[in-house]
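Summary of structural features
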Amino acid sequence: MTTTTYAALLRGINVGGSKKVPMAELRTLMEGLGYGGVGTYLQSGNAVFTSDHGDEDSLAAELAQAIEKHFGFTVAVLVRDHAYLKAVREACPFPAAELEAKQLHATYFSGPVDAGRFASIDQAAFLPEEFRLGDRVLYLYAPDGLGRSKLAENLSKPKLLKGIVATTRNWNTVVKLEELTRA
């Protein structure tokens, strides 16, 4: 059986004092699920692991259920394999090597999104900020950083994200997760 290396992206943990998930506890929980090579990156809900069973969606559901049972609150989880993370990195429509990591972000989606979902956003009104869609990902160029981005604020409105899970990582984290999932 083939073992695949994955990244688990947990949405909205350890932010502003809510939904606290200590990384050591998360690693222990994941090992208890039978995952191998478990590691975490930063405190913001990034984990890597190997598994020889399941697919991205079933592994995400399994991990989300275990987190809810253990910690007592719901956390949205996306699981992506190395091939996908590498493709996201390579398909970046912005010159990542020339930008500061705080200027470039990737928002991962739980499923496919089409341009129609974001058609109400007048991109020209937000320049020099820009976004581009990829395979279950939105690339965001925010020259002054995510915290000051009016475009990011508009892109994250619940009506635009209805029915999908979205979680954002800065470019340093995008790169690091791709590196950590290399077999």
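Residues numbered from 1 in each chain as written. Predicted model: local features only at pLDDT ≥ 70, side-chain atom pairs only at ≥ 80, totals over all residues. Heavy atoms only, no water.

Going by an unreviewed UniProt entry, the protein chain carries the name DUF1697 domain-containing protein and comes from Streptomyces sp. R35.

Sheet strands associate in pairs through backbone hydrogen bonding, adopting either a parallel or an antiparallel arrangement. Spatial ordering of the open sheet is given by β2-β3-β1-β4, a layout of four strands whose pairing is antiparallel. Edge positions in the sheet fall to β2 (36-41) and β4 (77-81), since each has one partner strand and no second. Between one strand and the next, the sheet's axes are offset by a mean angle of 20°, whatever the strand orientation. In the packing of helix α2 (residues 56-71) onto the sheet, contacts are made with β1 (4-10), β3 (46-51) and β4, and the angle to β4 comes to roughly 145°. The strands touched by helix α3 (residues 82-90) are β1 and β4; relative to β4, the strand with the most contacts, the crossing angle is about 85°. (Pairing = 2+ DSSP bridges. Helix = DSSP H or I, 4+ residues; strand = E, 2+ residues; numbered from the N terminus. Axes fitted to C-alpha atoms, helices over the stretch in contact; angles between N-to-C directions. Contact = heavy atoms within 4.5 Å.)

The two faces of a sheet get side chains in turn, since along a regular strand they alternate between them. Taken together, the five bridges between strand β6 (residues 130-134) and strand β7 (residues 137-141) define a ladder with antiparallel strand orientation. Paired with L133 across the strands is L138, a residue of β7. Following β6, the chain reverses through two residues before pairing antiparallel with β7; R136 in that reversal takes a positive phi of roughly 55°.

Moving on, we come to the nonpolar core. The biggest cluster of nonpolar side chains holds 24 residues, and the ones touching the most others in it are L26, F49, I67 and V77. Of all the elements, α2 adds the most residues to this core, at seven residues. Residues contacting L26, with those up to four places away along its chain left out, are L10, V21, T40, A47 and I67. Membership of the second largest hydrophobic core comes to 20 residues, among which are V48, L99, A106 and V175. (Core = buried A, V, L, I, M, F, W, Y, C linked by side-chain atoms within 4.5 Å. Buried < 20%, exposed > 50% of the residue type's maximum accessible area, 1.4 Å probe, protein only.)

Quick look at the side chain of R80 now. Considering the arrangement of structural elements, one finds R80 in strand β4. Taking relative accessible area as the criterion, R80 reaches 1% and is therefore assigned buried. Within the structure, the side chain of R80 is placed 2.7 Å from the backbone oxygen of F109, a separation counted as a polar contact. Once residues lying within four places of it in the same chain are set aside, the contact partners of R80 are Y6, A7, E56, L85, F109, S110 and R136. (Polar contact = N/O pair within 3.5 Å; in protein donor to acceptor, adjacent residues only side chain to side chain.)

Pairing is antiparallel across the open sheet formed by four strands, whose spatial order is β6-β7-β5-β8. If you trace the sheet from one side to the other, it starts and ends with β6 and β8 (166-170), each paired once. Averaged over all pairs of adjacent strands, the angle between their axes in this sheet comes to 20°, without regard to strand direction. Two strands pair when backbone bridges link them, and strand β5 (residues 104-109) and β8 are joined in this way by five bridges, in the antiparallel orientation. The partner of H105 across the bridge, within β8, is N170. Strands β5 and β7 of the sheet are contacted by α3, whose axis makes an angle of about 35° with β7. Taken strand by strand, helix α6 (residues 171-180) contacts β5, β7 and β8, and its axis lies near 95° from that of β8.

Further remarks concern the packing of aromatic side chains. Tallied over the entire structure, the rule returns eight aromatic pairs. Among the aromatic side chains, those forming a connected cluster through ring pairs are Y6, Y35 and F49. The ring of Y84 has R80 sitting right over it, with the charged end atom 5.5 Å from the ring centre. (Phe/Tyr/Trp six-rings, centres within 6.5 Å; stacked < 30°, edge-to-face > 60°. Lys NZ or Arg CZ within 6 Å of the ring centre and 35° of its normal.)

Turning our attention to the pairing of β1. Of all the seven residues making up β1, six are buried; the element is thus mostly covered by neighbouring parts of the structure. Relative to β3, β1 runs antiparallel, the two sharing six bridges. The residue bridging T5 from the neighbouring strand is T50, located in β3. Note: β1 against β4, five bridges, orientation antiparallel. Pairing of L9 across the sheet is with L78, part of β4.

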